[in-house]
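# Architecture at a glance
Listed below, chain by chain, are the residues.
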Amino acid sequence: MSSSSRSRVDLARRSGYEFLSTTVLFFGVVSLVRVLALPDSPLAIKDPHLMLGTAGSVVALLLAALMYAPTGRASGGHFNPAVTVFLWADGFFPARAVLPYIAAQLAGSVSGPALARLVWGAPVGRMHYAVVAPAPGLGTTALFLVETAALVAVLAAVAVVMGRPRLHALIPAVIAVGVGLVIASLGTVTGANINPARAFGPALLSGRYAHLWIYLLSPLVAGLLTGLAHRALRTSGPATAQPATT
């Protein structure tokens, strides 16, 4: 097998791991909403802030577990098109792998909620596959800016850790904690999306597309801007060791 053939096979394998992990992630997210948010669940939490704080903690644990798992380590554990764009813009991810990874992540965002519908049945349909939505009255501009700023903050924290080689093993934990905090703090405001895949699958399955373009575009803008900014700072300063890339 030629080197180019091996490279294509390796990319397909890693993209497959991204699809599998993203499927598990969003199966878990939809299942969590079904368990914590629907009134007929014995574990339902009525207070929305307490419910989102609990959900954020559980999602953070699930996200960290998936990133530290062998499949997550093999693929790089992106699970989010915005993270893929961030790493590409920062020079840590090859351009040829961007579209396969994003396709795998979006496919996983459909298969995960669809699997949750098979497991949990009609309640998942009643909650519209946990489609994300902002608080009533939140304007389009505010939604875009807050969602973008939230992910910029998470990725900026990741960039700081990336610049310290001895802390590279903590990158998944930093991402997981950041996502959990966004869910807990912004869930009742913007829906705490910060991941195009989080919005895409549930919207497609439920047929509810309100604000979808914002939920798809704002994380990509955040990833691109943060990646470019960090790359500019990194290349203009002292050379530092770089994390392994896929």
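Remember, predicted model here, so these are calculated numbers, not experimental data.

### A few points about the overall build of the protein chain
Along the backbone of the protein chain there are 10 helices and 0 strands. Its helices and strands taken in sequence order, the protein chain reads α-α-α-α-α-α-α-α-α-α from the N to the C terminus. For the protein chain, whose C-alpha radius of gyration is 18 Å, the value lies close to the compact-globule estimate of 18 Å for 246 residues. Counting only C-alpha atoms and orienting by the principal axes, one finds that the protein chain spans roughly 55 × 40 × 30 Å. Looking at the protein chain as a whole, 47% of its 246 residues are labelled buried. Relative to all contacts within the protein chain whose residues are 6 or more apart in sequence, the contacts with residues 24 or more apart total 78%. Side chains of the protein chain give 16 positive and 6 negative charges; the mean places of these two sets differ by 7 Å.

### Overview of the pattern of salt bridges
Applying the stated rule across the entire model yields 5 salt bridges. Ionic pairing is found between Asp 40 and Arg 34, a salt bridge with its closest N-O pair at 3.2 Å. For Asp 40, a relative accessible area of 46% puts it in the partly exposed group. Between Asp 40 and Arg 126 there is a salt bridge, with its nearest N and O atoms 3.4 Å apart.

### Examining helix 5 (residues 98-120)
Here helix 5 spans 33 Å end to end across 23 residues, near enough to the 33 Å set by a 1.5 Å rise per residue. Within the sequence span of helix 5, burial applies to Val 98, Tyr 101, Ile 102, Ala 104, Gln 105, Gly 108, Ser 109, Val 110, Gly 112, Pro 113 and Ala 116. Contacts from the buried residues of helix 5 go to helix 1 (3-37), helix 3 (70-75), helix 4 (81-89), helix 6 (122-126) and helix 9 (196-206). Phi turns positive one or two residues past the end of helix 5, at Gly 121, with a value near 80°.

### What to know about the UniProt feature "transmembrane region" (unreviewed entry) in the protein chain
Feature annotation in UniProt places "transmembrane region" (unreviewed entry) on residues 20-38, 50-69, 142-162, 169-192 and 212-229, given in this structure's numbering. Along residues 20-38, the helical share is 95% and the strand share 0%, with 27 Å between the first and last C-alpha atoms. Helix makes up 100% of residues 142-162 and strand makes up 0%, while its end C-alpha atoms are separated by 30 Å.

### Comments concerning the packing of helix 4 against helix 5
Two elements in contact, helix 4 and helix 5, have axes whose closest approach is 9 Å; the angle formed by their N-to-C orientations is 165°. Relative to helix 5, helix 4 is oriented roughly antiparallel. Regarding helix 4 and helix 5, the two cross each other, and that crossing is right-handed. The segment helix 4 lies against helix 5, with Pro 81, Thr 84, Val 85 and Trp 88 engaging Val 98, Tyr 101, Ile 102, Gln 105 and Leu 106.

### Points about unusual backbone geometry
Across residues other than glycine, the phi torsion is negative in most instances, and most of the peptide bonds are trans. With a phi close to 50°, Ala 192 is a non-glycine residue in the positive phi region. The residue Ala 192 is located in the loop between helix 8 (171-186) and helix 9 in this model. Backbone geometry at Ile 194 places phi at a positive 45°, although glycine is not the residue there. By the secondary structure assignment, Ile 194 is in the loop between helix 8 and helix 9. Among the residues examined, Ile 194 registers a relative accessible area of 4% and is labelled buried.

Calculation criteria
- All residue numbers refer to position in the chain's written sequence, counted from 1.
- Residue-level local features of this predicted model are given only where pLDDT is at least 70; pairs of side-chain atoms are given and counted only at 80 or more, and the full residue set underlies all totals for whole chains, interfaces and linings.
- Only hydrogens and water are removed before side-chain values are computed, so all heavy atoms of the structure are retained for them.
- Strands are runs of DSSP state E lasting at least 2 residues, helices are runs of H or I lasting at least 4, and numbering of each runs from the N terminus.
- Throughout, the radius of gyration refers to the C-alpha atoms, and the reference size of a globule is 2.2 Å times the residue count to the power 0.38.
- Per-residue accessibility, obtained with a 1.4 Å probe over protein chains only, is compared with the maximum for each type, and a residue is labelled buried under 20%, exposed over 50%, and partly exposed between these values.
- Between two residues, a contact is recorded if the distance between any of their heavy atoms is within 4.5 Å.
- Neither His nor the chain termini are counted; the positive set is Lys and Arg, and the negative set is Asp and Glu.
- A charge is said to be at NZ when it belongs to Lys, at CZ for Arg, at CG for Asp and at CD for Glu.
- The rule for a salt bridge is simple: a side-chain nitrogen of Lys or Arg has to be within 4 Å of a carboxyl oxygen of Asp or Glu.
- Expected helix span is given by 1.5 Å per residue-to-residue step, counting one fewer step than there are residues.
- UniProt positions are given in the numbering used here, feature names are shortened, and annotations may be inferred rather than shown by experiment.
- All axes are obtained by fitting lines to C-alpha atoms, using only the stretch in contact for helices, and the reported angles, taken between N-to-C directions, cover 0 to 180 degrees.
- Under this scheme an angle from 65 to 115 degrees is roughly perpendicular, one under 35 degrees roughly parallel, and one over 145 degrees roughly antiparallel; angles in between are oblique.
- Left-handed describes a crossing in which the near helix is turned anticlockwise from the far one by less than a right angle; the clockwise case is right-handed.

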